[in-house]
Amino acid sequence: MSYVFTPPAIASVPVAGGGDFPVHRIYCVGRNYADHAVEMGFTGREPPFFFLKPADAVVPVAEGETGSIPYPTLTKNFHHEIELVVAIGTGGRHIAAADALQHIWGYAVGLDMTRRDLQNEMKKQGRPWCIGKAFDHSAPIGPLVPRARTGELLTGAITLAVNGEVRQKGDLSELIWSVNETIEQLSAAWELRPGDLIYTGTPAGVSAVKAGDVMEGTIAGLGTLRVAVA
Ligand code: MN
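Residues numbered from 1 in each chain as written. Predicted model: local features only at pLDDT ≥ 70, side-chain atom pairs only at ≥ 80, totals over all residues. Heavy atoms only, no water.

For the protein chain, the count of helices and strands is five helices and 17 strands. A globule of 230 residues ought to have a C-alpha radius of gyration of about 17 Å, and the protein chain, at 17 Å, matches this closely. Projecting the C-alpha coordinates of the protein chain onto the three principal axes gives extents of approximately 45 × 40 × 35 Å. The buried share among the 230 residues of the protein chain stands at 49%. The contacts of the protein chain with a sequence gap of at least 6 include a subset with a gap of at least 24, amounting to 76%. Of the roughly 10600 Å² of accessible surface on the protein chain, a fraction of 54% belongs to carbon and sulfur atoms. Distance from the positive charge centre (19 side chains) to the negative charge centre (24 side chains) of the protein chain: 5 Å. (Helix = DSSP H or I, 4+ residues; strand = E, 2+ residues; numbered from the N terminus. Rg over C-alpha atoms; globule rule 2.2 N^0.38 Å. Buried < 20%, exposed > 50% of the residue type's maximum accessible area, 1.4 Å probe, protein only. Contact = heavy atoms within 4.5 Å. Areas by Shrake-Rupley, 256 points an atom, 1.4 Å probe, with all protein chains shown as cover. Lys, Arg positive; Asp, Glu negative; His and termini not counted. Charge placed at Lys NZ, Arg CZ, Asp CG, Glu CD.)

In structure tokens, the structure reads:
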């Protein structure tokens, strides 16, 4: 292979305890907690749907550190969405929910940052969400914790505070489509590959942040992801 320029580095996420997890794709699930679906104007009983972010949208934040993301261009309504991130270690197609667990390498705390005004405008016009969701630095993520250490994550508090004030609060058990069902649905539409990340959806309470704010997202068993808006 003789590339015509040096290819960019592979995006990766640090692993708790050492090593780095190379990122292949970032899949995201929309409206996967009933209370958030309702706050966005839906019933909470719709089938799951997916969108993607580019792999290099990840902003990896090492354990105990505070990450930093720039306030993005074009928006006046920059929203946080705290989410459980599932990392795929073994790929596959048409994975049954009952077999999904063995495909999971580990878990992390993630933020699906959103230019809400642009997303809403695209929704209104029936256009793709890319400009509202898939922009640079839109996927902060804490260290991946191997499933070997956590076991299967089915329950546990998921919260997000901004400058110390809690804004989002839920429990993983409230996911409309479980992680295993999500993997079944995703793998029917795409071949999952090692290195894929799945942002599994956010509970209610999404709201805007501004420059200078510090977000702290916590999921029981995974620790805290701390990110400042520069
Ligand atoms: Mn989301």
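In this fold, Thr 114 is placed in strand E10 (residues 114-115). Residue classification places Thr 114 among the buried positions, given a relative accessible area of 0%. Looking at Thr 114, its side chain comes within polar contact range of the main-chain oxygen of Asp 112, at 3.1 Å. Not counting residues within four places of it along the chain, the set of residues in contact with Thr 114 comprises Asn 77, Phe 78, His 79, Glu 81, Gln 119, Gly 132, Lys 133 and Phe 135. (Polar contact = N/O pair within 3.5 Å; in protein donor to acceptor, adjacent residues only side chain to side chain.)

Strand order in the open sheet formed by five strands is E6-E17-E16-E13-E14, with mixed pairing between adjacent strands. Of all strands in the sheet, those with a lone pairing partner are strand E6 (66-69) and strand E14 (165-171), marking the two edges. Strand-to-strand twist across the sheet, computed as the mean angle between neighbouring axes with direction ignored, equals 20°. Here six bridges tie strand E16 (residues 214-219) to strand E17 (residues 223-229), and the two strands are oriented antiparallel to one another. Among the inter-strand pairings, Thr 218 is bridged to a residue of E17, identified as Thr 224. (Pairing = 2+ DSSP bridges. Axes fitted to C-alpha atoms, helices over the stretch in contact; angles between N-to-C directions.)

In this structure, Leu 175 sits in the loop between E14 and helix H5 (179-189). Taking the relative accessible area as the measure of exposure, Leu 175 reaches 12% and is therefore buried. Counting along the chain gives 72 residues from Leu 175 to His 103, while the straight-line C-alpha distance between them is 19 Å.

Among the residues of helix H2 (residues 116-125), those classed as buried are Arg 116, Leu 118, Gln 119 and Met 122. Buried residues of H2 fall within an arc of 165° about the axis and therefore sit on the same side. Buried residues in H2 make contact with strand E7 (78-79), E10 and helix H3 (130-133). Just downstream of H2 lies Gly 126, where phi reads positive at about 70°. (Arc of directions from axis to C-beta.)

With that settled, consider the packing of aromatic side chains. In the structure shown here, the tally under the stated rule is seven aromatic pairs. When the centroid spacing of 5.5 Å and the interplanar angle of 90° are considered together, the rings of Phe 49 and Trp 129 count as edge-to-face. With Phe 49 in strand E4 (residues 49-53) and Trp 129 in the loop between H2 and H3, this pair connects stretches of sequence that are 80 residues apart. Exposure remark for Trp 129: the relative accessible area of 18% places this residue in the buried category. (Phe/Tyr/Trp six-rings, centres within 6.5 Å; stacked < 30°, edge-to-face > 60°.)

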